[in-house]
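Here is how the chains run, residue by residue.
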Amino acid sequence: EGRLRAQAAIDHPILAGTFGALLIPFMWVLWNQKKKFHAVAGAISGIIITITSASSGPVLTLMTSVFGLFLWFFRDLRKHYIKIIIVSLVILQLLMNHPIWFIFVHIDISGGSTGYYRYNLIDNVIRHFPEWFLYRTRSSGQWTWDLQDITNQYIREGFDGGILTLFFFVYIIILCFNTIGKSLEHYNCNIEKQKTVWALGVMLFAHCITFIGVSYFGHMEFFYFMLLAMISSLNKIIIVDNANMAKHDLNFSN
């Protein structure tokens with residue numbers, strides 16, 4: 001629609017904007033660590049990167065990040081989040097005359113968004129499930145005209161390796177959220193560390209929402225895998241902390 005879409009050194013404007021939006025949780029951590037100048041500078045940079053990408057997806061990612069940080073004040077209800085999401089989706093589906101993924105047609109924040117394309121992609125993937133679930137398919141272009149671009153990470157995983165690959169992709173995300181939950185309980189008496197863990201969970205949640213509208217490649221793959229590594233390392237930290245506590249208790253008893 002005649003707007004410049006900035007991408008800088010990142011492979012695509014949408015991915016560049018997504019990177020900017022995902023900086024916000026990190027800046028929240030810096031703010032909590034009393035590094036306020038760096039936090040403010042980073043947050044402003046992230047917002048500028050998001051806006052100048054001129055893409056609806058990154059704006060939604062930014063909104064998701066801010067909403068996830070806001071949920072910190074309701075963290076005691078986190079075990080009920082999945083139930084709330086499921087009930088909300090069911091209610092929304094009952095109120096709609098189309099499948100729930102038709103909602104993408106109505107999302108156009110930046111102007112010129114291809115919401116209908118994303119709806120059509122999901123719809124055709126479901127309709128042609130037998131053609132890709134067992135192993136893989138090279139393209140969705142044969143299903144209908146101009147449907148070659150796989151703008152959905154979940155669909156991309158299914159196309160690359162079938163339903164089994166998609167299952168393990170989602171399963172890794174579930175394990176990471178499980179680690180986030182265990183870490184929050186482990187640091188129950190340390191608010192600062194809890195906030196850091198919460199920020200990692202918010203970033204993962206933002207990725208999950210972003211995956212619906214874009215598939216990663218290039219730089220964003222690195223940033224996503226880095227996040228998985230950071231979350232996975234929490235398990236090691238918990239084990240070391242527990243070992244140190246046990247050693248301290250043993251020395252104290254002796």
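Check the entry above for the structure.
I will try to describe carefully the structure that is included in this document. The residue numbering used here restarts from 1 in each chain and proceeds along that chain's sequence as written. A pLDDT threshold of at least 70 governs which residues receive local features in this predicted model, and a stricter bar of 80 or more applies before side-chain atom pairs are shown or counted, although totals over entire chains, interfaces and linings include all residues. Values reported for side chains reflect all heavy atoms of the structure, with hydrogen atoms and water molecules removed beforehand.

Regarding the pattern of salt bridges
To keep things clear, this is the line we draw: By definition here, a salt bridge exists when the distance from a side-chain nitrogen of Lys or Arg to a carboxyl oxygen of Asp or Glu is within 4 Å. The way it works is that DSSP assigns letters per residue, a run of H or I at least four long becomes a helix, a run of E at least two long becomes a strand, and they are numbered from the N terminus. Partly exposed describes any residue whose relative accessible area lies between the buried limit of under 20% and the exposed limit of over 50%, with all areas from a 1.4 Å probe on protein chains only and scaled to the type maximum.
Under the definition given, this model contains three salt bridges. A salt bridge links Asp 123 to Arg 127; the nearest nitrogen and oxygen atoms lie 2.7 Å apart. Separated by four residues within a single helix, Asp 123 and Arg 127 lie in helix H6 (residues 115-127), roughly one turn from each other. The buried category is assigned to Asp 123, whose relative accessible area is 8%. Arg 156 is the salt-bridge partner of Asp 160, the closest N and O atoms lying 3.2 Å from each other. Of this pair, Asp 160 and Arg 156 both sit in helix H7 (residues 153-186), four residues apart, which is roughly one turn of that helix.

Remarks on H7
Selection rule: To estimate how far a helix should reach, multiply one less than its number of residues by 1.5 Å. Note that bend, as reported per residue, equals the angle between axes fitted to the 7 residues terminating at that residue and the 7 residues originating from it. Polar contact is defined as a pair of N or O atoms within 3.5 Å, subject to the rule that within protein one atom must be able to donate a hydrogen and the other to accept it, and that residues adjacent in sequence are counted only when both atoms are side-chain atoms.
Taking 1.5 Å as the rise per residue, H7 with 34 residues should run 50 Å; its terminal C-alpha atoms sit only 32 Å apart, a clear shortfall. In the structure, H7 departs most strongly from a straight axis at Gly 161, where the bend amounts to approximately 135 degrees. Its side-chain oxygen at 2.9 Å from the backbone nitrogen of Tyr 154, Asn 152 defines the N-terminal cap of H7.

So, the side chain of Gln 194
Put simply, the test is: Residue contacts are defined here by distance: any two heavy atoms, one from each residue, within 4.5 Å place the two residues in contact.
Along the chain, Gln 194 falls in helix H8 (residues 191-210). Taking the relative accessible area as the measure of exposure, Gln 194 reaches 5% and is therefore buried. Of the polar contacts made by the side chain of Gln 194, one reaches the backbone oxygen of Leu 184; its length is 2.8 Å. Setting aside anything within four residues of it in sequence, one finds Gln 194 in contact with Trp 72, Arg 75, Leu 184, Tyr 187 and Asn 188.

Quick notes on the nonpolar core
Rules: What is meant by a nonpolar core is a set of buried Ala, Val, Leu, Ile, Met, Phe, Trp, Tyr and Cys residues, joined one to another through side-chain atoms within 4.5 Å.
If you look at the biggest cluster of nonpolar residues, it comprises 37 residues, and the most contacted ones within it are Ile 173, Ile 180, Trp 198, Leu 204, Tyr 216, Tyr 224 and Ile 231. When contributions to this core are tallied by element, the ones reaching two or more residues are helix H1 (13-21), helix H2 (23-32), helix H4 (56-70), H7, H8 and helix H9 (219-253). Here the element with the most residues in this core is H8; it accounts for nine residues. Leu 204 has contacts with Ile 173, Cys 176, Phe 177, Tyr 224, Leu 227, Leu 228 and Ile 231, leaving out every residue within four places of it along the chain. Formed by twelve residues, the second largest nonpolar core is a distinct cluster that contains Leu 121, Ile 122, Val 125 and Trp 132.

Some thoughts on the packing of aromatic side chains
The condition is simple: Stacked, tilted and edge-to-face are the three classes assigned to paired rings of Phe, Tyr and Trp, where Trp is represented by its six-membered ring and a pair needs centres within 6.5 Å; plane angles under 30 degrees give stacked, over 60 edge-to-face, the rest tilted. A ring has a charge above it when a Lys NZ or an Arg CZ is no more than 6 Å from the ring centre and no more than 35 degrees off the ring normal.
Overall, the coordinates contain 19 aromatic pairs when judged by the stated rule. Ring geometry for Tyr 224 versus Phe 225: centroids 5.9 Å apart, planes at 45 degrees, classification tilted. Three or more aromatic residues joined by ring pairs form one cluster here, namely Tyr 154, Phe 169, Phe 211, Tyr 216, Tyr 224 and Phe 225. A cation over an aromatic ring shows up here: Arg 75 above the ring of Trp 72, its NZ or CZ 4.0 Å from the ring centre.

Quick word on the packing of H7 against H8
So the rule is basically this: Where helices are involved, their axes are fitted lines through C-alpha atoms of the stretch in contact, as for all axes, and angles between N-to-C directions lie from 0 to 180°. Throughout, the term roughly parallel applies to angles under 35 degrees, roughly antiparallel to angles over 145, roughly perpendicular to angles from 65 to 115, and oblique to all others. Crossings are classed by handedness, with left-handed meaning an anticlockwise turn of the near helix from the far one by less than a right angle and right-handed meaning a clockwise turn. Here the nonpolar group is Ala, Val, Leu, Ile, Met, Phe, Trp, Tyr, Cys and Pro; Asp, Glu, Lys and Arg are the charged ones; every other residue, Gly included, is treated as polar.
At a minimum axis separation of 10 Å, H7 and H8 run at an interaxial angle of 160 degrees. The pairing of H7 with H8 is recorded here as roughly antiparallel in orientation. In this structure, H7 meets H8 at a crossing whose hand is left-handed. Residues Tyr 154, Ile 173, Cys 176, Phe 177, Ile 180, Ser 183 and Leu 184 of H7 form the contact with H8, whose own contacting residues are Gln 194, Val 197, Trp 198, Leu 200, Gly 201, Leu 204, Phe 205 and Cys 208. By residue class, the composition of the contact of H7 with H8 is twelve nonpolar, three polar and no charged.

Considerations on unusual backbone geometry
You will see that Lys 34, though not glycine, has its phi angle at about 70 degrees, which is positive. Position of Lys 34 relative to the elements: it lies in the loop between H2 and helix H3 (36-52). Owing to a relative accessible area of 69%, Lys 34 belongs among the exposed residues under this scheme. A positive phi is found at Ala 54, a non-glycine position, where the angle reads about 50 degrees. As for its placement among the helices and strands, Ala 54 is situated in the loop between H3 and H4.

So, the state of the cysteines
Stated precisely, the cut-off is as follows: Two cysteine sulfur atoms form a disulfide, by the criterion used here, when they sit within 2.5 Å.
By the definition in use, this model includes zero disulfides. Cys 208 takes part in no disulfide bond, and the closest cysteine sulfur to it belongs to Cys 176, at a distance of 9.0 Å. You can call Cys 208 buried: its relative accessible area is 12%.

Things to note about a nonpolar patch on the surface
This is how the line gets drawn: Patch membership requires more than 30% relative accessible area and the absence of a salt bridge. Residues of like charge join within 9 Å; the nonpolar side chains Val, Leu, Ile, Met, Phe, Trp and Tyr join within 5 Å. All accessible-area figures derive from a Shrake-Rupley calculation using a 1.4 Å probe, and residue coverage is judged against the displayed protein chains alone.
A cluster of nonpolar side chains, Phe 129, Ile 163, Leu 164, Phe 167, Phe 168, Val 170, Tyr 171, Ile 174 and Leu 175, forms an exposed patch at the surface whose accessible area comes to about 800 Å². Residue placement: Val 170 occurs in helix H7.

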